[in-house]
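As a plain string of letters, each chain reads:
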Amino acid sequence: MSSSPPQANPSAQTGTSPNTRQSLSAQAMQWVDSVAQLTRPQIVHWCTGSADEATRLRALMIRDGSLVPLNEAAHPNSFLARSDVNDVARVEGRTFICSRQESNAGPSNNWSDPVYMQEFLGKLFHGCMRGRVMYVIPYLLGPVGSPLAQVGIQITDSPYVVANICLMTRVGGEAIDEFNRQPSFVRGLHSTGNLDPEQRYICHFPDDNLVMSFSSNYGGNALLAKKCHALRLASVSARREGWLAEHMMVLGITSPDGVKTYIAGAFPSSCGKTNLAMLVPPEADLRAGWKIETLGDDIAWLRFGDDGRLYAINPEAGFFGVAPGTSRATNPNAIDTLRENVLFTNVALRENGTVWWEGLDGEPPVACTDWTGQPWTPDCGRPAAHPNSRFTVSARQCPCISPDFDNPAGVPISAIIFGGRRSTTMPLVFEAFNWQHGTYLGATLTSEKTAAAAGKVGQLRFDPMAMLPFCGYHLADYWQHWLEMGRRGGALMPRIYHVNWFRKDWGGRFLWPGFRENMRVLKWIVDRLRQRGTGVTTPLGVMPTGQSLEAGSLGLAPQALEELLAVKPDEWYREVDRREEFLARFSDRLPPELLAENEALRQRIRDAELKGTI
Ligand code: GTP
Ligand code: SPV
Ligand code: MN
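Because the structure is predicted, anything quoted here is derived from the model rather than measured.

Caption draft 1: Seen up close, the nonpolar core. Membership of the largest hydrophobic core comes to 132 residues, with the highest contact counts inside it found for Trp 301, Trp 479 and Trp 482. Ranked by residue count, the leading element in this core is helix H8 (residues 225–241), at 8 residues. Excluding its chain neighbours within four sequence positions, the residues that come into contact with Trp 479 are Thr 439, Ala 443, Pro 464, Met 465, Phe 582, Leu 583, Phe 586, Leu 590, Pro 591 and Leu 594. Listed in part, the 35 residues of the second largest apolar core include Leu 24, Met 29, Val 151 and Tyr 201.

Right, dumping it as structure tokens:
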């Protein structure tokens with residue numbers, strides 16, 4: 001670490017546990033040595049994930065100004081990091097899937113030839129760690145001993161990235177033990193470079209279990225265990241091995257009779273997974289005995305158990321959550337999780353050393369320091385926190401973390417929810433008729449773009465299964481894989497739902513209160529799964545009535561509820577046309593079932609319009 005003397009030999013090793021190095025496979029050692037030869041660091045540090053290591057890393061970052069310690073009384077052991085102003089989100093335009101065959105990346109991914117790209121990146125990485133420390137972090141994704149767990153090694157020259165990875169994955173002894181049991185590991189090589197956006201590349205080599213990322217320190221671009229390994233590379237192995245790697249939160253919901261139901265949910269980036277996973281039920285439900293527990297807020301790996309059901313684990317160990325909009329009113333469990341040991345990125349700093357962001361409880365501060373380090377006042381016309389500002393924190397601090405969080409078997413999933421931001425067209429909730437119909441709903445999932453990725457916010461785009469930026473192969477093959485999983489699981493597959501918390505009225509206001517009131521929708525889903533909930537069959541699927549949502553107690557205007565559950569023929573003809581056009585982009589490999597589902601929907605809308613039921 002910083003206290004070690006500079007050394008001339010680029011392979012000079014430091015680290016508090018020499019055993020880390022000895023117990024890894026020769027293959028791992030060889031790779032690390034070859035990276036050191038390429039990047040020429042001053043020191044190689046093997047990370048152990050220990051508290052002592054974390055403390056020393058933070059001291060180093062405080063000294064060089066990259067971390068600001070927060071008010072110790074309000075937020076013990078917590079820090080603020082400010083990124084480069086040009087490095088605040090994922091960069092989909094500079095993210096590549098370098099599969100051997102271009103056709104296997106599919107039309108939704110950028111592709112580049114793997115041989116060309118490795119050579120090209122080799123030049124960028126050549127000598128890029130001169131004078132820096134190269135950190136080597138062996139990590140584990142998933143609970144110890146899980147049949148779905150995977151291991152990887154991330155190399156990085158950014159202490160900020162090390163601090164994040166140590167919160168987001170299992171690092172240290174448990175990772176090393178698993179390393180020696182696993183047949184292969186993912187290699188993730190990251191360098192800060194000079195943060196020049198023009199030199200930014202996030203490249204995946206699925207045939208080599210390799211990720212190379214240059215010139216960004218932002219979350220999904222730089223924490224390679226997360227989207228790069230746990231989704232893009234994992235989705236490729238999941239297809240080959242017959243399981244699913246998904247952009248899904250997982251929660252457990254206990255009903256008053258003590259029965260626990262596990263639900264997974266795929267919403268595009270910044271569309272509500274963290275908030276749903278940590279939901280606190282309304283007072284009346286709590287009194288009646290309803291409870292929600294969190295398994296994961298971003299990524300789920302699902303595979304068939306011996307009983308034929310689909311089981312989910314969360315490969316991650318922490319949350320990298322959206323700060324704006326998080327408050328005691330909207331997400332009290334997140335606020336309680338964020339009391340201590342938190343790494344905040346790009347939020348605003350108050351004069352008393354606490355943090356602030358748009359949507360946090362109470363009045364905005366009269367003055368504070370914004371995410372760029374500039375003075376900020378409420379009337380200055382800029383947000384104080386970046387819209388994609390984030391917190392990184394261990395999941396173990398979450399008051400509602402599930403007792404099954406470390407269960408190697410995972411939890412059996414009874415329902416999968418898809419949802420996006422749709423200000424029109426999509427009703428609050430409906431249930432798919434069957435797995436194939438649900439797969440079609442996922443494949444045509446559409447949402448307004450958010451600040452989680454660079455580009456224009458608010459633009460409507462297809463985001464199939466919330467995996468548009470994260471599927472490491474051809475989306476049509478991915479849909480085929482979903483259909484095959486459905487055939488394999490048969491009647492034991494989870495039921496599929498579509499939700500939309502974001503429909504707006506003419507004045508642009510959300511029609512649905514959202515957050516804890518989403519419990520009404522979850523309860524309806526649980527009732528349906530247990531053959532109790534009433535449902536109305538519509539052309540879209542089965543929908544609740546206002547009564548089955550207990551909407552009377554919400555105080556919504558009657559027109560609001562009607563609008564939330566409305567299926568408008570003109571909107572739906574347009575929607576079906578858009579979907580047809582989208583699916584056509586995948587024509588050569590598109591499973592015919594999906595086009596058939598779209599046609600069947602068009603026909604059901606026509607019939608319902610003729611009958612006057614919509
Ligand atoms: P990623 O971490 O980017 O994958 O996002 P996520 O899906 O976990 O989204 P998250 O739960 O962090 O929510 C993103 C934003 O949507 C936050 O600003 C939330 O406050 C807001 N949000 C979440 N749920 C609701 C809801 O039910 N209604 C409304 N209006 N906003 C919501
Ligand atoms: C997302 O964008 O979906 C995230 C944040 O969860 S990141 O890890 O940056 O991808
Ligand atoms: Mn995400």
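Caption draft 2: Local environment of the site of ligand 1. In the vicinity of ligand 1, 22 residues are found, and the nearest of them are Ser 270, Lys 273, Thr 274, Asn 275 and Pro 324. Contact distances for ligand 1 include 3.0 Å between an oxygen atom and a side-chain N or O atom of Arg 421. One nitrogen or oxygen atom from the side chain of Asn 518 is found 3.0 Å from an oxygen atom belonging to ligand 1. Burial of ligand 1 by the protein chains amounts to 93% of its free accessible area of 660 Å². More than half of the atoms belonging to ligand 1 lie within 2 Å of the grid points that define the largest pocket. With 3 residues, the top contributor of residues to the shell around ligand 1 is helix H9 (residues 273–277). Counting residues domain by domain, the shell around ligand 1 receives three or more from each of domain 2 (245–314 + 405–611) and domain 3 (319–397).

Caption draft 3: Geometry of empty space enclosed by the protein. Under the definition given, this model contains 5 cavities of 30 Å³ or more. A volume near 100 Å³ is recorded for the largest cavity. Each residue belonging to the lining of the largest cavity can be placed in one class, and the counts come to 5 nonpolar, 3 polar and 6 charged. The calculated volume of the second largest cavity comes to roughly 60 Å³. Contributing to the lining of the second largest cavity are Pro 143, Val 250, Leu 295, Ala 312, Ile 313, Asn 314, Asp 404, Phe 405, Asn 407 and Gly 410. Taken together, the residues of the lining of the second largest cavity sort by class into 6 nonpolar, 3 polar and 1 charged.

The rules we used
Residues numbered from 1 in each chain as written. Chains lettered and ligands numbered in written order. Predicted model: local features only at pLDDT ≥ 70, side-chain atom pairs only at ≥ 80, totals over all residues. Heavy atoms only, no water. Core = buried A, V, L, I, M, F, W, Y, C linked by side-chain atoms within 4.5 Å. Buried < 20%, exposed > 50% of the residue type's maximum accessible area, 1.4 Å probe, protein only. Helix = DSSP H or I, 4+ residues; strand = E, 2+ residues; numbered from the N terminus. Contact = heavy atoms within 4.5 Å. Near = heavy atom within 4 Å. Polar contact = N/O pair within 3.5 Å; in protein donor to acceptor, adjacent residues only side chain to side chain. Areas by Shrake-Rupley, 256 points an atom, 1.4 Å probe, with all protein chains shown as cover. 1 Å grid on protein atoms, 1.4 Å probe; cavity = no way out; pocket = protein on both sides within 12 Å on 5 of 7 lines; lining within 4 Å. Sits in = over half its atoms within 2 Å of the grid points. Domains from an automatic or database assignment. Points joined across faces, edges and corners; volume = space filled by probe spheres on them. Nonpolar A, V, L, I, M, F, W, Y, C, P; charged D, E, K, R; others polar.

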